[in-house]
Amino acid sequence: MDYNFIEIERKWQEYWASHKTFRAEPDSSKPKYYVLDMFPYPSGAGLHVGHPLGYIASDIFSRYKRLKGFNVLHPMGYDAFGLPAEQYAIQTGQHPEKTTHQNVARYRQQLDRIGFSYDWDREFRTCDPDYYKWTQWAFLKMFGSWYDNVLQKARPIEELVAAFEKGGSAAVDAANNDAPVFTAEQWKAFSEKEKSDVLMHYRIAYQGESTVNWCPALGTVLANDEVKDGYSERGGHPVFQKKMVQWQLRVSAYAGRLLEGLDRIDWTDSLKEMQKNWIGKSQGAEMVFKVRNGEEEYDMTIFTTRADTVFGVTFMVLAPESEWVPKLTSPDRKEAVAAYLDQVKKKTERERIAGKAVTGVFSGSYAINPLTGDSVPVWISEYVLAGYGTGAIMAVPAHDSRDYAFARKFDLPIIPLIEGADVSEESFDAKEGIMMNSGFLNGLDVKEAIPAAIDYVEAHGIGRRKINYRIRDAIFSRQRYWGEPFPIYYKDGIATPVPEDKLPLTLPEIDEYKPTETGEPPLARAKNWTFDGFPLEKSTMPGFAGSSAYYLRYMDPHNDNALVSPEADEYWRSVDLYIGGTEHATGHLIYSRFWNKFLYDLGYVCEDEPFRKLINQGMIQGRSNFVYRIVNTNTFVSAGLKDGYETTEIHVDINLVRNDRLDIEAFKAWRPEFATAEFILENGEYVCGWAVEKMSKSMYNVVNPDQVCDDYGADTLRLYEMFLGPVEQSKPWDTKGIDGVNRFLKKVWRMFWDRDTFLVNDEAPTPAELKSLHKLIAKEQDDIEHFSYNTTVSAFMIAINELQGCSKRAILEPLLILLSPFAPHIAEELWHQLGHADSITYAAFPAYNPAYTAEDNVKYPVSFNGKTRFMVDLPKSMGPAEVEAAVRAHEMTAKYVGDMTISKVIVVPGRIVNVVLKK
RNA sequence: GCGGGCGUGUUGAAAUUGGUAGACAAGCAAGACUUAGGAUCUUGUGCCCCGUGCGUGUGGGUUCGAGUCCCACCGCCCGCACCA
């Protein structure tokens, strides 16, 4: 019998599906393990060979954990709302649901061929009403909650109302956005509309005005993580800053917990670092400066991390969008300021970032330095951001490079505050040195001066300690069609939740998917988009809404009464292993953690961190091939000879190339213009050039997993993707080595079959065979736990080489179990040929017996091919003579010493003895 | 600019975490069996002045011992980027 992978793989995939082999149900008799892949957005292009990398790694882990006796939850589904399907719908008029449906079907087909052990009964799409009912439900919970800064948790809004009735706005310390101040009496006197407006400043899902990323080309706002370098991540359109009223999620309230939680989860340092930067904690102080515009005087608060430098403040700067700008613009500066604001507004986000040019305008007002009493001018400049701190800063040009550049440009004074700092060419930003020109701070080191300055400021009532976070609230509405509708309607202008029992609020049909002519979102086209006779919200939720709690839904996907039942949640708890790309570091992975913590606060889930361990799989890049056409001819020169000619590099379809050798006939047939091509060969072959590039159609370097499954089988694909290198590492796809992996599987097959003879026998294994087997067991266990799959595959190859010709059941049976996570189809087939009726999935991972691999106490014996050293583990109190005697007497070491004399014995602390031998 | 990571044969990569550098593959070369092979099986394969020499980006250091730890430099990748 031959190794017919096509037949074998089809057979077992059908078997697993029909027997529901991988179905997972809560079972208190077994420990649980939850392995999750970041579910894909089903794009029209289908899967390429890079997508399954992480899925294969997680599948191996799932299958391994099952063998280890765990009850494994390993689900899959689709992140199905999103822009590409909608853009396609706008162009073609096709309902996005239809394209999504087609793409999902194609993804499923491709996934199925690779033999994943998903529990497909738990599959869902985020665009299913049964699913997005719970996205809407969570939104309503956020709408109906506020964040208590004292208890550090979300609480129902009714409790806030009760507090207001007792003590007005001063009764609570709550996360809010510029909430007004009022007494209990005032609160009680408020109208319904006024109360609703006040509460809107406290809700965790709230409507508020803020500076947002507006993308005119897409006709929608975008969240910060959806903007890259001033362009939209999807489509690459320019993005502008604009003040708008939008739905937002109060993620900022959770900043501290999002940061602190990172210490308790097992993620890579780089990813934690990215999240830390994104959250951007900075400790400093708020300080109040009196500002004066003519006769008008105000208290203006600024934020600084360098309270120690307050004696060097020579001017103040406001962000152009700051609400202080109109208040502090003096009548004679109105025109200049207006012109400047106009100029700033016209710039795209990109231009603001890229153009590092220093710009600004004097407001005409002055501020009083609270420590020195000096009067300093107030300027307006785009280098100050409206969204961070208070949107206003004190400028210390001597010790801040941005302030320095500004002072130089506009010729403002620079006062050095640190002894020996030379500020003639650039600012001195380092937080070190001895203070001077700073009144009571003189003589202190900067590190002492910062707290001393804040203490002083607090004692004199002109400021207080403050921690600022860079993370902003997430803009939650999109002016788009293909997303979850908001379960909110406007009753007499008051945003009112659609009752929970009316969910899901399903997406209405519309005839065109574009925004309306008047610039309203597409849902404005829907007929009768009302609830209870009142208009419904017309924007929809963003892509990350549906992916923020999907891991919870997998625990209990068909529950109509809850996102997840308490029982299912208590059993599965959180994701033990999450595998996906780094690109979600500051998007999905922040939002999910926020969302989960919110549900945790309200008692809907029992764990406050959703993903215990996270592995980032690297990207698989394409490996493109090139041919070199001599300029103005139809002659192609082989890569090794091309330097002698002037050539053009042309991408050639990698399917026409094998091991960088061009199939000339296929190339001629590829495109008409190449039919008459001539070739300059080296050694009778045409050698192609190559380069690592992104895998894409236009570079003719896309490798499709179906193709690999056709040519080599899914087991080879799985093994090969793991063999390529560490899972976390990005690497180019290169089929060069795939034959080696395929050969390995054929060797495994030949341990069972010699043509039509089944070789397996019941002979007892030799110690050498047992040693090979147990070495492999130890290695596989250790490597899988550390996600080092490439070395496991190598260990298999070594074991198979060592076990060549061995067809003993006692060896082969455990070997198949070990192989089954990696190459499940061939393992399952041979397992059944050994007479087992049940799936290999239910077998137990072979027990490791160290007796077969023990090397005694000789840690690093030398094989004596020229080398003359080895190390033994002996007490360090021994002298050289004793060591020699011990080494000669010892069964293991004696054979290494042989007839040599020991020339040198080096005793190292820690019972290590290094023995040097001499002939 | 700030932060994180990396640098090992012709190539992908190993190295039990401070202890035989280059495992295992790929490629290449030679051979065997074959009408044939992109099948299968042997064997060889870091470098050179072949000493018993030199080798893990470069230079120094710690150590009996360094790819691994420390310092400086060079080069590459990723993330953030006017966050006061």
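Our subject is the structure that appears above.
Residues numbered from 1 in each chain as written. Chains lettered and ligands numbered in written order. Predicted model: local features only at pLDDT ≥ 70, side-chain atom pairs only at ≥ 80, totals over all residues. Heavy atoms only, no water.

Turning to the overall build of chain A, a few remarks are in order. When its secondary structure is counted, chain A shows 29 helices and 37 strands. Reported as C-alpha extents along the three principal axes, the dimensions of chain A are approximately 100 × 80 × 75 Å. Here chain A holds 919 residues, and the buried ones make up 53% of them. A separation of at least 24 residues holds for 71% of the contacts in chain A among residues at least 6 apart in sequence. For chain A, the exposed area adds up to about 40600 Å²; of that, 50% sits on carbon and sulfur atoms. Charge centroids of chain A, computed over 103 positive and 129 negative side chains, lie 2 Å from each other. (Helix = DSSP H or I, 4+ residues; strand = E, 2+ residues; numbered from the N terminus. Buried < 20%, exposed > 50% of the residue type's maximum accessible area, 1.4 Å probe, protein only. Contact = heavy atoms within 4.5 Å. Areas by Shrake-Rupley, 256 points an atom, 1.4 Å probe, with all protein chains shown as cover. Lys, Arg positive; Asp, Glu negative; His and termini not counted. Charge placed at Lys NZ, Arg CZ, Asp CG, Glu CD.)

What follows is about the sheet that holds strand β17 (residues 474-475). As summarised here, the arrangement of the 4 strands in space is β6-β5-β9-β17, forming an open sheet in which the pairing is antiparallel. Edge positions in the open sheet fall to β6 (220-222) and β17, since each of these has one partner strand only. Of the strand pairs in this sheet, strand β9 (residues 240-249) and β17 are connected by 2 bridges, and their pairing is antiparallel. Bridge pairing in β17 links Q248 to I475. (Pairing = 2+ DSSP bridges.)

Let's shift gears to the packing of helix α22 (residues 714-723) against helix α25 (residues 789-802). Here α22 crosses α25 at 120°, and the two axes come no closer than 7 Å. Residues L719, M722 and F723 of α22 touch α25, and the partners they reach there are Y789, N790, V793, S794 and M797. (Axes fitted to C-alpha atoms, helices over the stretch in contact; angles between N-to-C directions.)

The next thing to look at is the sheet that holds strand β23 (residues 614-616). An order of β2-β1-β22-β23 is seen for the 4 strands of this open sheet, with the pairing classed as parallel. Of all the strands in the sheet, just β2 (71-73) and β23 have a single pairing partner and so form its edges. Each strand axis lies, on average, 20° off the axis of its neighbour in the sheet, ignoring direction. Note: strand β22 (residues 577-580) against β23, 3 bridges, orientation parallel. Opposite I579, over in β23, you have I615 as the bridge partner. Across the sheet, helix α2 (residues 52-67) is in contact with β1 (32-37), β2 and β22; its angle to β1 comes to roughly 170°.

Glycine aside, a negative phi is what most residues show, and trans is what most peptide bonds show. Going from L503 to P504, the amide bond is cis rather than trans, its omega being 0°. Examined against the element boundaries, P504 turns out to sit in the loop between β19 (494-497) and β20 (530-531). The backbone of D411 sits at a positive phi, close to 60°, despite the residue not being glycine. For D411, a relative accessible area of 72% puts it in the exposed group. The phi angle at R755 is positive, at roughly 50°, despite the residue not being glycine. Relative to the elements of secondary structure, R755 occurs in the loop between β32 (753-754) and β33 (757-758).

A few words now on the pairing of strand β10 (residues 281-293). Of the pairings in the sheet, the one linking β10 to strand β16 (residues 463-469) comprises 7 bridges and is antiparallel in character. Bridge pairing links Q283 to I467 in β16. One ladder, built from 9 bridges, connects β10 with strand β11 (residues 296-304); its direction is antiparallel. Across the sheet, F289 pairs through a bridge with M300, a residue of β11.

A few words on the pairing of strand β3 (residues 145-148). On β3, burial covers both faces: S145 and Y147 on one face and W146 and D148 on the other are all buried. Pairing of β3 with strand β4 (residues 153-156), which is carried by 4 bridges, proceeds in the antiparallel orientation. Each residue of the ladder has a partner; that of D148, found in β4, is K153. Taking the residues between adjacent antiparallel strands as the criterion, β3 and β4 are bridged by 4 residues, where Q152 takes a positive phi near 55°.

Time to look at the packing of aromatic side chains. What the rule picks out here adds up to 71 aromatic pairs. In this structure an aromatic cluster arises from ring pairing among Y33, F61, Y64, F70, F744, F787, Y789, F796, F822 and F845. The ring of F70 has K65 sitting right over it, with the charged end atom 4.0 Å from the ring centre. Directly above the aromatic system of W267 lies the positively charged group of R593, at a separation of 5.8 Å from the ring centroid. (Phe/Tyr/Trp six-rings, centres within 6.5 Å; stacked < 30°, edge-to-face > 60°. Lys NZ or Arg CZ within 6 Å of the ring centre and 35° of its normal.)

Right, let's get into the pattern of salt bridges. Evaluation of the coordinates by the stated rule reveals 41 salt bridges. Linking R122 and E25 is a salt bridge whose minimum nitrogen-to-oxygen distance equals 4.0 Å. Linking R122 in the loop between α4 (96-113) and α5 (129-143) with E25 in the loop between α1 (5-19) and β1, this pair joins segments that are 97 residues apart in sequence. Overall, E25 belongs to the partly exposed group, its relative accessible area being 46%. (Salt bridge = Lys/Arg side-chain N within 4 Å of Asp/Glu carboxyl O.)

A separate point is helix α12 (residues 334-345). The end-to-end C-alpha separation of α12 is 16 Å, in line with the 16 Å expected for 12 residues at 1.5 Å each. By the burial criterion, the buried members of α12 are V337, Y340 and V344. Taken down its axis, α12 places every buried residue within 65° of arc, on the same side. Of the residues in α12, the exposed ones pointing more than 90 degrees away from the buried face are K334, E335 and K345. (Expected span 1.5 Å × (residues − 1). Arc of directions from axis to C-beta.)

Note that S820 resides in the loop between α26 (809-819) and α27 (824-833). Overall, S820 belongs to the buried group, its relative accessible area being 4%. A polar contact is formed between the side chain of S820 and the backbone oxygen of I817, at a distance of 2.8 Å. Those residues in contact with S820, other than ones at most four positions away along the chain, are R63, L67, A827 and I840. (Polar contact = N/O pair within 3.5 Å; in protein donor to acceptor, adjacent residues only side chain to side chain.)

For the rest of this paragraph, the subject is α1. For α1, built from 15 residues, the straight-helix expectation of 21 Å at 1.5 Å per residue is met to within 8% by its first-to-last C-alpha distance of 21 Å. Inspection of α1 places F5, I8, E9, W12, Q13, Y15 and W16 among the buried residues, and these make up the whole buried set. Considered in projection along α1, the buried side chains sweep an arc of 160° and stay on one side of the axis. Facing away from the buried side of α1 by over 90 degrees, the exposed positions are E14, A17 and S18. At its buried positions, α1 is contacted by α2, α4, α21 (705-711), α22, α23 (738-752) and α27.

Moving on, we get to the nonpolar core. A general trend in soluble globular proteins is that nonpolar side chains are found buried together. Residues W247, L249, F476, Y550, F752 and Y789 are the most contacted members of the largest nonpolar core, which totals 179 residues. Beyond its immediate chain neighbours, meaning those up to four positions away, Y789 contacts A57, I60, F61, M722, V727, I784 and F822. Among the nonpolar cores identified, the runner-up in size contains 39 residues, and M300, A307, A392 and I462 belong to it. (Core = buried A, V, L, I, M, F, W, Y, C linked by side-chain atoms within 4.5 Å.)

None of this, on its own, says anything about what the molecule does.
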